[in-house]
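Next come the chains, spelled out residue by residue.
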Amino acid sequence: MKDPDVLALAANLQRVLVSHDYETMPGHFYRFLEERESPGLILLPQQWPIGQSIERLHATWTSTEAELFTNRIVYLTL
């Protein structure tokens, strides 16, 4: 799927989108926000092992209120 379609699907399902796409997704995300709201976008490095990605996503999700993700990009880093 194309980035705008993935963003729309996530918004329709009221889900925060998790992606590795640091290159094109941020631009599409900000254009998407010009027309409607988003539950948010989390970007994480593709080179992280899956276990590390899961741990960081879990820690981020459990330590942050869901509303704080709305219309924001969260960049997960080391």
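For the structure, see preceding data.
Computed from a predicted structure; not experimentally measured. (Residues numbered from 1 in each chain as written. Predicted model: local features only at pLDDT ≥ 70, side-chain atom pairs only at ≥ 80, totals over all residues. Heavy atoms only, no water.)

Moving on: the overall build of the chain. Of regular secondary structure, the chain possesses three helices and three strands. Secondary structure of the chain in N-to-C order comes out as α-β-α-β-α-β. The C-alpha radius of gyration computed for the chain amounts to 12 Å, which stays within 12% of the reference 12 Å derived for 78 residues, consistent with globular compactness. Across its three principal directions, the C-alpha atoms of the chain cover 35 × 25 × 20 Å. Counting all 78 residues of the chain, 33% fall into the buried class. Put simply, of all contacts in the chain between residues at least 6 apart along the chain, 63% involve residues at least 24 apart. Surface summary for the chain: the accessible area is close to 5,300 Å², and the carbon and sulfur share equals 54%. Across the chain, the mean location of the 6 positive side-chain charges is 1 Å away from that of the 10 negative side-chain charges. (Helix = DSSP H or I, 4+ residues; strand = E, 2+ residues; numbered from the N terminus. Rg over C-alpha atoms; globule rule 2.2 N^0.38 Å. Buried < 20%, exposed > 50% of the residue type's maximum accessible area, 1.4 Å probe, protein only. Contact = heavy atoms within 4.5 Å. Areas by Shrake-Rupley, 256 points an atom, 1.4 Å probe, with all protein chains shown as cover. Lys, Arg positive; Asp, Glu negative; His and termini not counted. Charge placed at Lys NZ, Arg CZ, Asp CG, Glu CD.)

What follows deals with the side chain of Ser19. Tracing the backbone through its elements, the reader meets Ser19 in strand S1 (residues 17-19). Each residue touching Ser19, except ones within four places of it in the same chain, is listed here: Met25, Leu41, Ile42, Leu43 and Leu44.

Here we come to the environment of Pro39. Following the sequence through the fold, Pro39 ends up in the loop between helix H2 (25-33) and strand S2 (41-43). Using a relative accessible area of 18% as the deciding quantity, one classes Pro39 as buried. Taking C-alpha positions, Pro39 is 9.8 Å from Ile73, a pair spaced 34 residues apart along the chain. Setting aside its immediate chain neighbours within four residues, Pro39 contacts Ala10, Ala11, Gln14, Arg15, Val16, Phe69, Thr70 and Asn71.

With that out of the way, let us pick up the packing of helix H1 (residues 3-12) against H2. For any two helices packed against each other, the geometry is given by the interaxial angle and the distance between the axes. Direction vectors running N to C along H1 and H2 enclose 55°, while the axes themselves pass 9 Å from each other. The angle between the axes of H1 and H2 places the two elements in the oblique class. The way H1 lies across H2 gives a crossing that is right-handed. Between H1 and H2, the residues in contact are Asp3, Pro4, Leu7, Ala8 and Ala11 and Met25, His28, Phe29 and Phe32, respectively. When the residues that make up the contact of H1 with H2 are grouped by side-chain class, the tally is seven nonpolar, one polar and one charged. (Axes fitted to C-alpha atoms, helices over the stretch in contact; angles between N-to-C directions. Parallel < 35°, antiparallel > 145°, perpendicular 65-115°, else oblique. Left-handed = near helix turned anticlockwise from the far one by under 90°. Nonpolar A, V, L, I, M, F, W, Y, C, P; charged D, E, K, R; others polar.)

This part takes up a nonpolar patch on the surface. A cluster of nonpolar residues, Met1, Leu9 and Leu13, forms a patch on the protein surface that exposes about 340 Å² of accessible area. Positionally, Leu9 belongs in helix H1. Residue Leu9 is classed as partly exposed on the basis of its relative accessible area, which comes to 39%. (Patch = residues over 30% accessible without salt bridge, like charges linked within 9 Å, V, L, I, M, F, W, Y side chains within 5 Å. Salt bridge = Lys/Arg side-chain N within 4 Å of Asp/Glu carboxyl O.)

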